[in-house]
Amino acid sequence: MASPRARAAAERLAQRLARPAPLLLGHSTAARDLRRQIQAAIESNAAVLLVGAPGTGKRTVAEIIHHFAGGETPSLARVCTDVPGPIAPPEGFAFVSPIEQLSLDQQAKLRRDVGLSRLILGTRLDPDSRDGQARLSPELLRWCSIRIDLPCLVERIDDLEALVIGLLHRVPTTRPVGAISDDALGCLRAHDWPGNVSELENVITTALEVGTTTQIELQDLPAALRERDPSSPGPSAPEQEFALALAERRAVQRVMRLVRGNKRKAARLLQIGKTTLYRRLHEYDSSSG
């Protein structure tokens, strides 16, 4: 006969699995790769480091790992807020994000503070960048044997329609809305999405508030999205318009803005090697100087 502790653990597990599972929507290459990384984290008991810009879904990934790998743990605790402060030992899982808002001393004490709980860390910084190396504890990073890099929304642009439909099912509205027009979707695809999925959710929420039909129309979207990006380069001379070198430079510069200077992500998005990207950036700096 099972012990009372084992029965209680089994009951908690059944209650957790009975709740709807958090979902990672989309079938893009980036989404499929992210799912593979999440599955590896689910199958491991190691600490996990989630790396991604604001709005890329670090909490969602943490919830997925907890839901499918939580074992006896009853809850997912977020023990780091926007204001750094003392850390209370959580039960089961500890999701600490963004860790760079903790001092290096607080970060170094995390392993002790969370006790036997499984730790999932989130950071908005690239650990390999100068800022990341200065603000993230190297000991804590080494302890996280699993690292998951979350793609920005522009890297998952093929998932945009699936993400929009998912939001239509989740965001409360006073009328039935189950689709988005081709014009509206095209407008969303052309946007840079610096705020990633969080920004998309805000845009869809606003569109649902102002719209009147059973689908999201182009006129429901914020005016800023429907207007030309003011940072886009102006008209070129006719002989330059189709120049390959100019088109390449614009593509590199736009991607560098999208990924906020993260050269690793930029190279992956441009589908070129990091050495090639560094050479191009050096050439552009030299020509502009």
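Residues numbered from 1 in each chain as written. Predicted model: local features only at pLDDT ≥ 70, side-chain atom pairs only at ≥ 80, totals over all residues. Heavy atoms only, no water.

Draft legend 1. The arrangement of the packing of helix H8 (residues 160–170) against helix H9 (residues 182–189) in detail. The contact between H8 and H9 brings their axes to 10 Å, and the two run at 115°. Judged by the angle between their axes, H8 and H9 are roughly perpendicular. The two elements H8 and H9 cross, and the hand of that crossing is right-handed. Packed against H8, whose contacting residues are Leu 160, Glu 161 and Val 164, the element H9 presents Leu 185, Leu 188 and Arg 189 at the interface. Among the residues making up the contact of H8 with H9, the classes are represented as four nonpolar, no polar and two charged. (Axes fitted to C-alpha atoms, helices over the stretch in contact; angles between N-to-C directions. Helix = DSSP H or I, 4+ residues; strand = E, 2+ residues; numbered from the N terminus. Parallel < 35°, antiparallel > 145°, perpendicular 65-115°, else oblique. Left-handed = near helix turned anticlockwise from the far one by under 90°. Contact = heavy atoms within 4.5 Å. Nonpolar A, V, L, I, M, F, W, Y, C, P; charged D, E, K, R; others polar.)

Draft legend 2. Focus on helix H3 (residues 58–69). If you check H3, its first and last C-alpha atoms are 16 Å apart, about what 12 residues at 1.5 Å a residue would give, namely 16 Å. Buried within H3 we find Lys 58, Val 61, Ala 62, Ile 64, Ile 65, His 66, His 67 and Ala 69. (Expected span 1.5 Å × (residues − 1). Buried < 20%, exposed > 50% of the residue type's maximum accessible area, 1.4 Å probe, protein only.)

Draft legend 3. Spatial organisation of the pattern of salt bridges. Per the stated rule, a full pass over the model turns up 13 salt bridges. A salt bridge links Asp 149 to Arg 147; the shortest N-O distance between them is 3.1 Å. In this structure, Asp 149 and Arg 264 form a salt bridge, with 3.8 Å as the shortest nitrogen-oxygen distance. Highlighted residues: Asp 149 in strand S5 (residues 146–149) and Arg 264 in helix H14 (residues 263–270), separated in sequence by 115 residues. Connected through shared salt-bridge partners, Asp 126, Asp 128, Arg 147, Asp 149 and Arg 264 make up one network. (Salt bridge = Lys/Arg side-chain N within 4 Å of Asp/Glu carboxyl O.)

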